[in-house]
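Chain by chain, the residues:
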Number of protein chains: 2
Amino acid sequence: MNKKYCIGIDYGTQSCRALLVEVDTGYEVGDYEAPYPHAVMEEVLPDKTTKLPPDWALQHPEDYLYCLSTVTKGVMSKYQVNPEDIVGVGVDFTACTILPVDENYEPLCFQEKYKSNPHAYVKLWKHHAAQKYADLINEEAIKRGETFPRLYGGKISSEWLIPKVMQVINEAPEIYDEAACFIEAGDWIVYKLTGEEKRSSCFAGYKGLWHKQNGYPSKDFLKALDARLESLVDDKLSNDIYPLGDKAGEVNTVGEELTGLKQGTAVAVAVIDAHAAVPAAGIAEEGKLLMIMGTSTCHMLLSKEEVLVPGIAGLVEDGILPGFIGYEAGQACVGDHFGWFVNNCVPESYIQECKEKGMNIHALLTEKASKLKVGESGLLALDWWNGNRSVLVDADLTGLIMGCTLTTKPEEIYRALIEATAYGTKIIVDTFKENGVKITGLYAAGGIAQKNAFMMQIYSDVTNMDIHICDSDQAVALGSAMFGAVAAGEEKGGYDTIMEAVDKMSKVKEDYYCPSPENHKVYQELFNEYKTLHDYFGRGGNDVMKRLKDIKLASRYE
Amino acid sequence: MNKKYCIGIDYGTQSCRALLVEVDTGYEVGDYEAPYPHAVMEEVLPDKTTKLPPDWALQHPEDYLYCLSTVTKGVMSKYQVNPEDIVGVGVDFTACTILPVDENYEPLCFQEKYKSNPHAYVKLWKHHAAQKYADLINEEAIKRGETFPRLYGGKISSEWLIPKVMQVINEAPEIYDEAACFIEAGDWIVYKLTGEEKRSSCFAGYKGLWHKQNGYPSKDFLKALDARLESLVDDKLSNDIYPLGDKAGEVNTVGEELTGLKQGTAVAVAVIDAHAAVPAAGIAEEGKLLMIMGTSTCHMLLSKEEVLVPGIAGLVEDGILPGFIGYEAGQACVGDHFGWFVNNCVPESYIQECKEKGMNIHALLTEKASKLKVGESGLLALDWWNGNRSVLVDADLTGLIMGCTLTTKPEEIYRALIEATAYGTKIIVDTFKENGVKITGLYAAGGIAQKNAFMMQIYSDVTNMDIHICDSDQAVALGSAMFGAVAAGEEKGGYDTIMEAVDKMSKVKEDYYCPSPENHKVYQELFNEYKTLHDYFGRGGNDVMKRLKDIKLASRYE
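Bear in mind the structure is a predicted one, so any value in this text is a computation, not a measurement. (Residues numbered from 1 in each chain as written. Chains lettered and ligands numbered in written order. Predicted model: local features only at pLDDT ≥ 70, side-chain atom pairs only at ≥ 80, totals over all residues. Heavy atoms only, no water.)

Examining the interface of chain A and chain B
Move 1: With 54 residues of chain A at the contact, the number on the chain B side is 54 residues.
Move 2: Across the chain A-chain B interface, the total number found is four salt bridges.
Move 3: We note a salt bridge from Lys355 of chain A to Glu348 of chain B, for which the minimum N-O separation is 3.0 Å.
Move 4: Remark: the boundary between chain A and chain B carries 20 residue pairs in polar contact (both at pLDDT 80 or more).
Move 5: The set of elements that each furnish at least two residues to the side of chain A that touches chain B consists of helix 11 (335–344), helix 12 (348–357), strand 19 (399–404), helix 14 (410–434), helix 19 (517–538) and helix 20 (544–557) of chain A.
Move 6: Sheet topology note: the strand 19 of chain A/strand 19 (residues 399–404) of chain B ladder contains five bridges and is antiparallel. Opposite Met402 of chain A, over in strand 19 of chain B, you have Leu400 of chain B as the bridge partner. (Contact = heavy atoms within 4.5 Å. Salt bridge = Lys/Arg side-chain N within 4 Å of Asp/Glu carboxyl O. Polar contact = N/O pair within 3.5 Å; in protein donor to acceptor, adjacent residues only side chain to side chain. Helix = DSSP H or I, 4+ residues; strand = E, 2+ residues; numbered from the N terminus. Pairing = 2+ DSSP bridges.)

A few points about the sheet that holds strand 20 (residues 441–445) of chain B
In sheet architecture, strand pairing relies on hydrogen bonds along the backbone and comes in two forms, parallel and antiparallel.
Residues and elements named next belong to chain B.
Move 1: Pairing is mixed across the open sheet formed by seven strands, whose spatial order is 16-17-15-14-20-21-22. The strands lining the two open edges of the sheet, one partner per strand, are strand 16 (314–317) and strand 22 (508–513). Averaged over all pairs of adjacent strands, the angle between their axes in this sheet comes to 25 degrees, without regard to strand direction.
Move 2: Helix 14 (residues 410–434) contacts strand 14 (288–293), strand 15 (297–303), strand 17 (325–331) and strand 20 of the sheet and is inclined by roughly 150 degrees relative to strand 17. (Axes fitted to C-alpha atoms, helices over the stretch in contact; angles between N-to-C directions.)

Some thoughts on the relation of the copies chain A and chain B
Move 1: Note on the identical chains: chain A maps onto chain B by a rotation of 173 degrees and an axial translation of 1.5 Å, with an RMSD of 2.0 Å.
Move 2: A share of 100% of interface residues in chain A that are also interface residues in chain B marks the association as one of identical surfaces. (Least-squares fit on C-alpha atoms with pLDDT ≥ 70 in both.)

Let's talk about the nonpolar core
Move 1: Counting 248 residues, the largest nonpolar core has Phe432 and Phe537 of chain A together with Phe432 and Phe537 of chain B as its most contacted members.
Move 2: Non-local contacts of Phe537 of chain B, meaning those with residues more than four positions away in its chain, are made with Met402, Leu533 and Phe537 of chain A together with Leu382, Trp384, Leu397, Leu400, Asn542, Asp543, Val544 and Met545 of chain B. (Core = buried A, V, L, I, M, F, W, Y, C linked by side-chain atoms within 4.5 Å. Buried < 20%, exposed > 50% of the residue type's maximum accessible area, 1.4 Å probe, protein only.)

Some words on the packing of aromatic side chains
Residue and element names in this part refer to chain A.
Move 1: Applying the stated criterion across every chain yields a total of 36 aromatic pairs over all chains.
Move 2: The structure contains a cluster of three or more aromatic residues connected by ring pairs, namely Tyr11, Tyr36, Tyr64 and Phe93.
Move 3: Above the plane of the ring of Phe324 lies Lys304, whose end atom (NZ or CZ) is 4.3 Å from the centre.
Move 4: The aromatic ring of Phe527 is capped on one face by Lys426, whose charged end is 5.0 Å from the ring centroid. (Phe/Tyr/Trp six-rings, centres within 6.5 Å; stacked < 30°, edge-to-face > 60°. Lys NZ or Arg CZ within 6 Å of the ring centre and 35° of its normal.)

In structure tokens form, the structure reads like this:
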């Protein structure tokens, strides 16, 4: 019998990739990547004339289809795999990344008349222009004593479904009316492959305020927000939600034409990108916190119990693995942070030094920063360049650095930004523990975890915990592929449960990071200072960051 | 009758210059500059073998004489002026810049036996190795309830006379014993020109803890510091102090030989460099605050009343102009701030853009920053990259910037740093006003004031005051020359009072900066936020900056 494969299709923020994986071993044969032609649209629409206000972040659904085709055909052709031998496909996607579609699931932005309407496009997860609707939801929920926010750390994020939909109904009611529904891009891709709308519990639970027992927020509540929203769920969403690990359907003719996959290939219910990494990192039990570290970091934790933890972004039954309560927390700015820094704050002399030494700038900064002792720079930062996702759940918070002197060097700032993200992680770990959710181990996946030993050691020193590393460069895509194998089922050459897939296909490195007691001692002092500033600026001691943002907005639109 | 001239001899940190000025108009004929051959000695003595510890900064008095000769002869020869037509000379000098001399006013370092003794040389103003003696003075003053520190914002600086002398008596008692006196280099140059020791109220008041009514700190206090210091004033200093505007004497044969000036030429009592700019900027009345803006900013203000203003660096009767109380304040990091920024934080792409446009980086950043609206960046900084000199008087404070996001651009940070220095100035202005010292107008001199219209407009918008600009590239030397004209007196072709000299010789540009009401409105909001952070981090709300510095020191020296 031929070897059987599964494919994980991983939709990131800038590009999409397909990972080809051997079902029986989890061996990663190889991948194929394609960047989105329009990337992230933050300033202007594809018409090149319609300007976008600050805090907007859109994508073009055309890019998703183009990339789907490119990467699936690409990976099969590159590795010369027969589509017959692909047993299943899993799709993961950023979230909440939603788009309005018509009754045929065609995006409204494909229509000529809506090409210059920003609300007709995909609102990417990091679209932050719906904050005032999130504020309204939060106020109204408090006023009415609603309990659902307690599942989300007490606060709804502006990144989520309902604030984004509210922005549409208020700022472009014609789009709201015209839309047959609003759908997560991940669910939309599954529809494109299978012709079936099988919405995922992962998207609905973490981003759509859906709860397995209680459903969405009540009609009464939605009506109180806006009379037009009373029948939002019936009219524009769906109550038909499927747990992770389920099969969504099979590739149909449209899907075959689009991807080169064979009709009948199993397709899994879609999953949020980060969440897919959990099985890939070998986690199928409670207490192991996985950090998926990339442009931002997502923290995933399984538990048998549903405990309400303040400021933790979400807990969803079957939301990560079936049979567990999946907890999610997040840090909004990790890799992005360092990307911003090297693009904006690194002097020409360092770039020159890179050229002379044949190093990239991150390597050079890491080399210099790793020579510093803990605390030596005198710098301390708050890692809120992209707001705070957990445990303050406040997109209006901004980045801060202090301790600067005339002898402060770029590598010192670079290190301080890394340390700030580690303190942010420690705040999350401490919050779980203080609220009675067990954490017995730290795991990490993603590009940073794989490549940046300097940074991982800092995380270990700061948290005073061992950190185990997922031994895959593509943990997310691997996890998606595993869900694809489970969608196929044993009979068709896959697995019947995700636990079996974890047992056979997951990967963890033998070596792991151990904390240095001396470093931890100094970091504990620094962390205490971080915590004080975190609470002062983040919990109402001084709301200067919000007022600066108000002034900024007023200045731009006066 | 031939035109009459006066000369201002301006001793800076790296070089000395002579400025030739027409007495009747203040027209600057031209100048002649000479760098000090030994520059600033921070690592080794001229013997090339005696190493200096960190924080030392010495100069060689030989350089001062060499330059005096070079620049006075040079300027007269270059502009073909007959020494007969020079009516008077004024000298300004950095301070506290002191040296030990013998009974003939010969520097001890000229003696063969002391050539390798660092304490025999000039301790330059920025010699910072006497900090522990300054700490002792501050502790002892608090213990004894001394009132003199209140004239200096509550704290004595390590840069001043008595800490520097204490360093000598402790580390080189043989030099202390051998010295006939310790003298400010400015007073010493006056002696060299005239053969008369006529110490200046400016040096004695701002740097020597001397007060016109109360004299120096008491013998009891000095004895408490160190028994050997009880008779410091009688033995090694002088109580014979002269107000600015007085004639110190006339050029004698030695002076004539040294400088080419004619015997009998009037020489003014010396003045601290920054202070000399006040008359040059047309200020001869109370209420006009002059900012001398360079790497750091000095603020000079005249008042008829002696009011103790918390955190203001010094107030001295006759210390700036005779008949007034002269107040001095300071910001430790202005031009230095932007220098640090462009050297450490500006990306290669901007340097490339500079090359393409043939601009320097400051010009490019200014061009970009000037397109921003007030408040548009959302950034706010505390300008403490070099500590805070006024009104918090705390070298351990450090720089802070907040409001950073992933779209923050270098020009936004650049502008925020400029704005932060403007807020720092407003804090000083407000502190004067709140304590009853009148401020009716703002004046500015120095390189930044002359050249940087963008920055000056921000200062005007932030303070909501007109700002007048001194119309001289050499305001300090011009002021010295004016004191020279006053030393000559009207009978000898000069002026009888500095007021008359100001009336005829000073220079203020016709155009001045006016605040924009709309900009001020937004800046007032931002300033209120600055003030809250200023007090929170600077007045004990959260001493995190000091703790970070402690951790930094512990880390470096563990």
